[in-house]
Every structure is written in C-alpha cells, then in structure tokens.
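This is what each chain is made of:
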Amino acid sequence: MEIIGQIVAGGFGDILIRQKSKGAMELGELLVSDAKDQYTIFQIYDLKYGSQIAKESLEMIAGMNLEGYGASLDFLDPDLRNYILARAKSVVTIKRTGIHSPKTLPDFFSTLRKITNKDLAFIQKPQQPLYLGAVRSGSKLMPIDVFLDGQKVFSHHILLCATTGRGKSNLLKTLLWSALDKGYCANLVFDPHDEYFGRNEIGLKDHPQSHEKLEYLSPEPPPGARTLKINTTLLKPWHFDGAIEFSDAQKDLMYTFYNNFHLEWIENLMISEDEGEFYRKETINVVKRKLMRLLSITVAEDEISYSGIFDQTAGQTLNDDIIRALDASKTIIIDTSSLSSAVEILVTSIITSEVFAKYKHYRKTGELKTKPVVNVILEEAPRVLGKEVLQRGPNVFSSIAREGRKFNIGLTAITQLPSLIPKEILANLNTKIIMGIEMQAEREAIIASAAQDLSADDRNIASLDKGEAIVSSTFTKFALPIKVPFFDNYAKAHIQSAPKEKKDFTGIKF
Ligand SMILES: Nc1ncnc2c1ncn2[C@@H]1O[C@H](COP(=O)(O)OP(=O)(O)OP(=O)(O)O)[C@@H](O)[C@H]1O
Ligand SMILES: [Mg+2]
C-alpha cells in the first residue's frame, strides 16, 4: 500500500493531511484510510504550503536569495522542512454491510494511501445501465466504468452544466451512443448545432445499430433521411408559450380561433379580416403579422403559401411517427440548426407537448409500464426553463420537470448558466453532471441545488479540465468524479469491437 499522507489536524468534513514528499497530491484526488473491517474514501478539495521554518525567516531567506546573497534553505532536510498540506473531506465508507455515508473521523494521525481499483469494486453495473465515463481520481483515470440506473436517472431529469468548450456535447454524444441500443429508454434530441447525427464527421449515424434505432429529421436532410415538416393542424395556441410573446388579448384571440375552427384555426385566422364579437381588428392584424413572420407564411388574395418548415399538407403524421419511434425505444434527432431561435422553441414545444400528452394518456390506460422511459434533451435550457420565461407562466418543460417522472418522461437540460433556472426546477433535476465552470455565481447555483453537500468543491469544480465531471445524484451514494472518454475514440473502439455486419444509415423508416 502506497502511503501518501498523514492526518495532522481538522474535523469532520475538513481534515488536514500532510503530504509525503513527492506525493504530488491533486485537487479532486481520492485517498483511502483503512480501519478494522472498513475503509473510508476521502477527496482532496484544497492544497496549501506548510513549512517548519517561521514565516519571517522564510521571507528573509527569500529576500537574500532574490538580492543575490545566495541564501538557501539547505540547513534542514529538504523532505522535512517544507511540504504540502491538503484539505480533504470524507466521501464514503465501505463496510461489510455495504456502502455508507461517513459518520466518524479516522484515527488522529492515521495514514492515508492511494486509492486502488479494488477499493472501487463496489461500483457495479445496474440492470438498466447508463454509461457516463470512468472514475477519476484528480486527473488520473481509473479503469472503472461508471453506469447509473438509466431508468431512474432519466425519469428524474438530468442537468448538464459547464462553461463553453468543457465537453458537454462530447459527453452527450457518448451517452446517446451507449443508450442507442438499450431497450429501456428512448431519446428525443433537439439539436441546435446539428452535431449529434454526424453529417460530416463521426456521430450517432455510425453506431452499428443506427439503421434500426436512429431517426433523423432535418429541414435540409442528407440523402435518405426525412425532411422536417410540421403540418399547421398540429399547432395549438399553447405551443407558442416561450417561443414568442403575445399579449393577453392576442392569446384570447388565438384560443377563440382554436375553439371555433379546431385544426384549421391557423388558416382561418390568416384569411380573417373582420373583427369578432370578442376581439378588435387591430388585434387580429398584429397576431396575423406575428404568426406569418414566425411560420414563414404569406397570404395573397386568400391564398396562403408556406416557405418554411410549416405546411398545410405535408407533415401531418409527424407527432404520431415520433411517438411510434419512441415507443420502439429509438433515438430521434431533430436538427433545428437552420431555424430561428423562436421557431426552434416552437418546434421543440409542439413535439414535446404531444409526447407528454401521449405519455399521460399511457398512464391512464395502464400502458405506461410497457413503454421505455423518454429522455428529452434540451440544449441552452434556460431559453425554455429560465426564470424570465417561466415568470410568464408554466410551459410543457416546467411541467415535465415537476411531474414528468410520474409519466416516465424526463428532461436532460444542458446549460452554461444554471443560475438562470429557478431554484425549484433545479431541485427537481435530480442528477447533476457538473463539468468545469468558470463563473462563481454559476458554481454557487449548482452547489446549492446538488444532491450531495458540495460546498467544499468550489475549487474542484472551477479546475475541472475538458471531459472531467462530477456526478451528483439522488441515485448515487456520493458525488462521483468521472472522466468522459473522447467520443470519436469511444465510438471507433465500439465499432471495431461490434459484430461485422455494419450497414450504412439509410434514413428514416417510419
Ligand atoms: N472527454 C474529452 N476528451 C478529449 N477532448 C474532449 C473531451 N470532451 C470534449 N473534448 C473536446 O473539446 C472541444 C469542446 O467540446 P464540446 O463541444 O463537447 O464542448 P461544449 O461544452 O459542448 O461546448 P459549447 O458550450 O460550446 O457547446 C471539442 O473539440 C472536443 O473534441
Ligand atoms: Mg455543446
């Protein structure tokens, strides 16, 4: 056992360890303290210098050295004189009876050793595995894969946050790849950067099972894939919540048309000239203008034409097709990269609302038990889950965050700015995958809402490198430090190890 430090002071949650010379302790590193019949894992959250020499003397010697007097500290054994002190917190205690939260302090002056693979043997693969990466001790990779219970984790929502460029998309690609062939889940991905399918690079289309398990919809599809078209009959007035703002009078007008004309409400509104019993002409003109711009509709002499993704004839079965694919535990990627932000939110809202309504229906009919858990992936989540949007009222995404788990449908919300999401929604996102976050306010928001006490982890989170993450979840005993593999290598390794009847992705087969 390689001893690397000894406890010299501190208290519960904050023990001070003197590092053995050349021990090279790291922020986030895991250490082990052994006791009779049990061992406890500690994690370092702060590092500082210690010295046997008085501060004044050190300053004096440094001054002499800098001013050319050639002073040095050689009068004491170098390994004894100056050293590094680490602050650590206990993370988990493993006893014969199982895994426990630590409740006792290790013996005073006891030694700590490096963690070994065997110490982590308690991390097992659940029946419905969701792969996230490998365990990490500081920046050192341990060859132990981390799988969470995907059914629970998906249905209780995930928050994935990090400063730009720290590897959120890479993590999600890896997660989606490993989940693609799993029958317990279906993923609905709204992809504003068109980065998951892998049009021009390696992506989910290259998965050995993509021809059976992947669907890709895009306004500009590659050969063989299906065009994203949304029939105007699928639009409901409430889908616009969060996409663009309407005044109360304008909303009333939209609901009046919806109630009167049902599926044809948009068409009727577009050609309507007259004021009604409950609305004024100006209101109708404003709503028309807003909808025409948003939906790329033009009207000339009662003739309506469509130039965007909305259409009067095409795209009628979109929602049914998506639900059928989700029922078959597929992954559906919807490329929204060419859409304006408002249209993108509208599309996301239309599809998610229908899926949510269907799953609510499945619960009523008792079919829910036979359905996979649906995971809806939202990039830049504060656009639909932000305080500002939700101040105007709840939307389908906040409803899913609050009660989706009852209907087996969960969100994966991705953001650089968790502080923009209201506290009660953050608290409902039960698994937090925290990658490097530069801004302190953002770290505070996530620490305050995490399942485990991460109050000592501020520095740890700030110093996470690309691909490094901390997973804090109500479904893990402690906040797990992980390293996500680089997707391209992960995917290539899987392709090579998979049976050799690889077929090309041939597009949508609804
Ligand atoms: N685990 C990893 N190992 C090696 N390289 C990585 C890893 N994760 C990400 N990268 C690299 O870092 C770059 C940024 O990653 P990524 O696009 O996933 O970041 P992001 O957090 O999604 O950024 P943004 O906020 O801009 O969407 C990519 O070029 C990717 O190749
Ligand atoms: Mg990204």
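All figures in this text were calculated on a predicted structure; none of them were measured in a lab. (Residues numbered from 1 in each chain as written. Chains lettered and ligands numbered in written order. Predicted model: local features only at pLDDT ≥ 70, side-chain atom pairs only at ≥ 80, totals over all residues. Heavy atoms only, no water.)

A. Geometry of empty space enclosed by the protein. With the rule as written, the count across this model stands at two cavities of 30 Å³ or more. Of the pockets and cavities examined, the largest cavity occupies roughly 100 Å³. Lining of the largest cavity is provided by Phe190, Pro192, Glu344, Ile345, Thr348, Ile377, Leu378, Glu379, Glu380, Ala381, Arg383 and Val384. Those elements that provide at least two residues to the lining of the largest cavity are helix H10 (341-365), strand S19 (373-378) and helix H11 (382-385). Top contributing element to the lining of the largest cavity by residue count: H10, with three residues. Here the lining of the largest cavity is built from residues that sort into seven nonpolar, one polar and four charged. Size it by volume and the second largest cavity reaches roughly 30 Å³. For the second largest cavity, the full set of lining residues is Phe12, Gly13, Ile15, Phe42, Ser90, Thr104, Leu105 and Pro106. (1 Å grid on protein atoms, 1.4 Å probe; cavity = no way out; pocket = protein on both sides within 12 Å on 5 of 7 lines; lining within 4 Å. Points joined across faces, edges and corners; volume = space filled by probe spheres on them. Helix = DSSP H or I, 4+ residues; strand = E, 2+ residues; numbered from the N terminus. Nonpolar A, V, L, I, M, F, W, Y, C, P; charged D, E, K, R; others polar.)

B. The arrangement of the packing of aromatic side chains in detail. Per the counting criterion, the structure on display carries 15 aromatic pairs. Both rings, one in Trp177 and one in Phe487, keep their centres 5.6 Å apart while their planes meet at 75°; by these two values the pair is edge-to-face. Taken together, the residues Trp177 in helix H4 (residues 168-179) and Phe487 in helix H17 (residues 487-497) connect sequence positions 310 residues apart. Since its relative accessible area comes to 0%, Phe487 is described here as buried. On the basis of an interplanar angle of 85° and a centroid distance of 6.0 Å, the ring pair of Phe240 and Phe246 is categorised as edge-to-face. For Phe240, a relative accessible area of 1% translates into the label buried. (Phe/Tyr/Trp six-rings, centres within 6.5 Å; stacked < 30°, edge-to-face > 60°. Buried < 20%, exposed > 50% of the residue type's maximum accessible area, 1.4 Å probe, protein only.)

C. Summary view of H4. Over its 12 residues, H4 extends 16 Å from the first C-alpha to the last, a length consistent with the 16 Å expected when each residue adds 1.5 Å. Burial analysis of H4 places 12 of its 12 residues in the buried class, the great majority of the element. (Expected span 1.5 Å × (residues − 1).)

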